[in-house]
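Architecture at a glance
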Amino acid sequence: IVEKITKEQLNTEEGKKIIGQAGDFLKEGGLVAFPTETVYGLGADALNKTASTKIYAAKGRPSDNPLIVHITNMGALDKIADIIPEVAYKVADAYWPGPLTMIFQKTEEVPYETTGGLDTVAVRMPSDEIARALIDAGGGYIAAPSANTSGRPSPTKAEHVEEDLSGKIEMILDGGAVDIGVESTILDMTVTPPMILRPGAITKEMLTELIGEVDIDRTLITPDSKVKPKAPGMKYRHYAPKADLSIVEGPMELVIDAINQMSAERMAKGHRVGVIGTQETVGRYKADVVKSIGTRADEATIANHLYAVLREFDDAEVEYIYSESFAAGGIGSAIMNRLLKAAGHHVIDA
Ligand code: TXA
Ligand code: MG
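What you see is a predicted model, and the numbers here were worked out from it, not measured in a lab.

What follows is about the pattern of salt bridges. Summed over all chains, the structure comprises twelve salt bridges. Among the ionic pairs, Asp-164 bridges to Arg-152, the shortest N-O distance being 3.1 Å. Of this pair, Asp-164 sits in helix H7 (residues 158-165) while Arg-152 is found in the loop between strand S8 (142-143) and H7, placing the two residues twelve residues apart along the sequence. We note that Asp-164, like Arg-152, is buried. Between Asp-314 and Arg-152 there is a salt bridge, with the nearest N and O atoms lying 2.9 Å from each other. Taken together, the residues span a long stretch of sequence, with Asp-314 in helix H10 (residues 299-316) and Arg-152 in the loop between S8 and H7 at a distance of 162 residues. Per residue, the accessibility class of Asp-314 equals that of Arg-152, and both read buried. Connected through salt bridges with shared partners, the residues Arg-152, Glu-163, Asp-164, Arg-311 and Asp-314 form a single ionic network.

Given below as structure tokens:
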């Protein structure tokens, strides 16, 4: 079932009925996809191991890749997390509810099926009102990975979820397009100083300003395949478009020339070529499919369109994609992290 729902509807009879039905599916051990402020999630009761196991099957996800448990209030944290350092409360005060996940030692309440066999648990308190209503209706502890088939770009619209999971899950709540477009920042609170395992909208700069020193998992910034990332999910070649994606780096004029030249060479050999540019440059490319991913004047727009654009290229059936590169720092770190993963770390120096 696909049910459209808006934030405004949540307080109406109709809205309560839809959320009630979705919550019942979750309580019975079923799967419900729902919008969050980051990407769409595929929810199941996190404290029910059979329910968690179904998530892996529906997504085709490796069983060693742990799930994030979603809650709506600080009271819920104690039941699933042990040893919560003082600094975690400071981070929670500032950025929960919001696009941030923290990792703690888990309690016995959390089954290993939910944590991919780990003794730690990832916890997030989303801000999206539809997500929050569903979590409460579903019992308060909802495991939710991104609602895509494993290996595909994360879904930022309900249509993306339908493409990937239609027929495999009980229900999809269609709350329209998400706000942010890349997954939450993951911060490991079991180490000192806390370590970023996945960059997101809550940036390293924001966290450092709040709590001082923060590390970043170095495998996120170096494409060294011998070092295992600390978040198991980060080792997979996620977000992969069907086409061969390359990121082109360098001064903008050189990047534009290099992309046009490589595109022309590929097209001369009969290949279909796509280019990912920005509002500022999109008019300057010549290829079969040219798309703007957003404007450099506001990098949040780039994060917001990233996954949808990768999916559109899949639909356009191009064989090669050349993308501009984005500077690290702020939300740019999250954008580059996802792009690099989609490109299998294939970077060309213009
Ligand atoms: O924004 C988000 O976080 C979205 C929405 C739906 O909330 N969820 C999401 O979940 O991105 P998923 O499963 O696609 O990504 C979870 C990431 C994976 O890379 C996983 O390995 C990591 O979190 N993770 C989960 N539990 C962990 C743990 N105990 N230790 C280290 N990494 C963990
Ligand atoms: Mg995911």
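What helix H2 (residues 49-59) keeps buried is the set Ala-51, Ser-52, Ile-55, Tyr-56, Ala-58 and Lys-59. Close packing links the buried residues of H2 with strand S3 (41-45), helix H5 (112-115), S8 and H7. The opening residue of H2, the one whose side-chain oxygen lies 3.0 Å from the backbone nitrogen of Thr-50, is Asn-48. Looking at the residues trailing H2, positive phi occurs at Gly-60, about 70°.

In this section: the UniProt feature "binding site: ATP" (unreviewed entry) in the protein. According to UniProt, the "binding site: ATP" (unreviewed entry) feature falls on Arg-61, Thr-120, Ser-146, Ser-154, Arg-198 and Tyr-239. The annotated residues occupy 179 residues of the chain and do not converge on a single region, their most distant C-alpha atoms lying 24.9 Å apart. Here the residues from the annotation list that line the largest pocket are Arg-61, Thr-120, Ser-146, Ser-154, Arg-198 and Tyr-239. With respect to the secondary-structure elements, Ser-146 resides in the loop between S8 and H7. Once you skip the residues sitting within four places of it in the chain, Ser-146 turns out to touch Val-39, Tyr-40, Gly-41, Leu-42, Lys-59, Ser-154 and Pro-155. Tracing the sequence through the fold places Tyr-239 in the loop between strand S12 (215-216) and strand S13 (244-249). By relative accessible area, which is 2% here, Tyr-239 ends up buried.

Criteria and cut-off values
- In this convention, every chain numbers its residues from 1, walking through the sequence in written order.
- Note on labels: chains are lettered from A, ligands numbered from 1, in written order.
- Given that this is a predicted model, residues contribute local features only at a pLDDT of at least 70 and side-chain atom pairs are listed and counted only at 80 or more, while totals for whole chains, interfaces and linings are drawn from all residues.
- The side-chain figures draw on all heavy atoms in the structure; neither hydrogens nor water molecules are used.
- Any carboxyl oxygen of Asp or Glu within 4 Å of a side-chain nitrogen of Lys or Arg constitutes a salt bridge here.
- Note on conventions: DSSP H or I runs of at least 4 residues are helices, E runs of at least 2 residues are strands, and numbering of each starts at the N terminus.
- Partly exposed residues are those whose accessible area sits between 20% and 50% of the maximum for their type, while under 20% is buried and over 50% is exposed, using a 1.4 Å probe and protein chains only.
- Throughout, a residue-residue contact means that at least one pair of heavy atoms, one from each residue, lies within 4.5 Å.
- Counted as a polar contact is a pair of N or O atoms within 3.5 Å, where, for protein atoms, one must be capable of donating a hydrogen and the other of accepting one, and residues adjacent in sequence contribute only when both atoms are in side chains.
- UniProt positions are given in the numbering used here, feature names are shortened, and annotations may be inferred rather than shown by experiment.
- Cavities and pockets were defined on a 1 Å grid built over protein atoms only: a cavity is a set of grid points that admits a 1.4 Å probe from which the probe cannot escape, a pocket is an open set flanked by protein on both sides within 12 Å along at least five of seven lines, and lining residues are those with an atom within 4 Å of any such point.

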